[in-house]
Amino acid sequence: MGGQPVADAPRRVPRQLSNLEKAAVVVRLLLNAGAEIPLEELPEELQARLTKQMGQMGLVDRITLDAVAEEFAEALDGIGLSFPHGLAGALSAMDGKIAATTAARLRREAGVRQMGDPWQRLRALPPEELAEIAQAESTEVAAVLLSKLDTAKAAALLGQLPGPVARRITYAISQTGRVTPEAVDRIGWSLAAQLDARPILAFADRPEKRVGNILNQSAPATRDQMMSALDEEDATFASSVRKVLFTFTDIPARLSPRDVPAVVRVADQDQLILALAAATEGDEAAVAEFLLANMSTRMADNLRDEIRDKGKVKRSEGEAAMTALVGVIRGLADDGTLQLIDPDEDSED
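As the structure is a computational prediction, the values presented were derived from the model and not from experiment.

**What to know about the overall build of the protein**
No. 1: In terms of regular secondary structure, the protein is built from 21 helices and zero strands.
No. 2: For the C-alpha atoms alone, the extent of the protein along its principal axes is close to 115 × 50 × 40 Å.
No. 3: Split into buried and exposed, the 349 residues of the protein put 29% on the buried side.
No. 4: A total accessible area of about 22700 Å² is found for the protein, and carbon and sulfur atoms account for 53% of it.

**Concerning a nonpolar patch on the surface**
No. 1: A cluster of nonpolar side chains, namely Leu30, Phe72, Leu76 and Ile79, defines an oily patch on the protein surface of about 340 Å² accessible area.
No. 2: Position of Leu76 relative to the elements: it lies in helix H3 (residues 62-77).

**Focus: the pattern of salt bridges**
No. 1: Applying the stated criterion across every chain, the model contains nine salt bridges.
No. 2: We note a salt bridge from Lys209 to Asp205, for which the minimum N-O separation is 3.9 Å.
No. 3: Exposure remark for Asp205: the relative accessible area of 34% places this residue in the partly exposed category.
No. 4: For Asp231, the salt bridge is made with Arg242, and the minimal N-O distance between the two is 2.8 Å. In this pair, Asp231 sits in helix H13 (residues 220-233) while Arg242 sits in helix H14 (residues 235-244), placing the two residues 11 residues apart along the sequence.
No. 5: Among the residues examined, Arg242 registers a relative accessible area of 42% and is labelled partly exposed.
No. 6: The network of salt bridges with common partners includes Glu284, Arg315 and Glu319.

About the cut-offs
- Residues numbered from 1 in each chain as written.
- Predicted model: local features only at pLDDT ≥ 70, side-chain atom pairs only at ≥ 80, totals over all residues.
- Heavy atoms only, no water.
- Helix = DSSP H or I, 4+ residues; strand = E, 2+ residues; numbered from the N terminus.
- Buried < 20%, exposed > 50% of the residue type's maximum accessible area, 1.4 Å probe, protein only.
- Areas by Shrake-Rupley, 256 points an atom, 1.4 Å probe, with all protein chains shown as cover.
- Patch = residues over 30% accessible without salt bridge, like charges linked within 9 Å, V, L, I, M, F, W, Y side chains within 5 Å.
- Salt bridge = Lys/Arg side-chain N within 4 Å of Asp/Glu carboxyl O.

Structure representation (structure tokens):
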């Protein structure tokens, strides 16, 4: 009797499981532990197979669970380096590390599209580019695009569209209640494919912005000469450049009075005093008064004392200080600390 096995003794040998069954066990174990597993990055077919397998597993005894977990841990320990799967994965991993032209050429040669969520790529585009896409597509597709953006970006996109177009797209959102996730996914990949098909441009900024940024850093005399020449050569382009220009004399029209204290706090005090001391006539004097009037009385009085002590300032030093102050304001606008007033919107009011 002592040497005979007991019929109802617990299992001591793990069950034989297929690789898919083992994967289901590991995923279930990790999910129970609260791990975040990016299963959405798997191919859809594999996501479906894994989900179906999990629905068929039933109960798994502890001996089998321990064996699968141990095998999984040993497999992880044996991995020295992991590479992305396929050229699409490699291109995603190398994004920003290789030239954009090289990545585009490899993608076209292999006929692969970028991996990941196409809507994430579209949401990253500036409102101007999204507006171009929306106007080139049907109203229904544009309505889906608008619906997939966060509210701030959607509002900015509408602001870039002509009024009638914006109204049609906004109304079309009411017709998207029965759009399926598959259709939204197809639209996303279609729009993303258009991005991939675009030629790679040598410059990220538009010509008018590049010229405007250069002239913003130029001496006033040089800037005036260049703008006069542009007016003669191409009045339309010159008008576009003027929208980018932001000079010292533009400060009262572009900077909100409530943002003056933030600028004063960040600006180099010596440069600020030089700029204000040099601004003694015409529009420049109006800028100095605007800044002094919109800071604390104590700060303004201290600056006025410093300006009097500074005396007459060389024109070249004053212009350099004015340019530096404009650079501070543009830097605060670029990092979102303040928002410059749009001259077009202001004139419409």
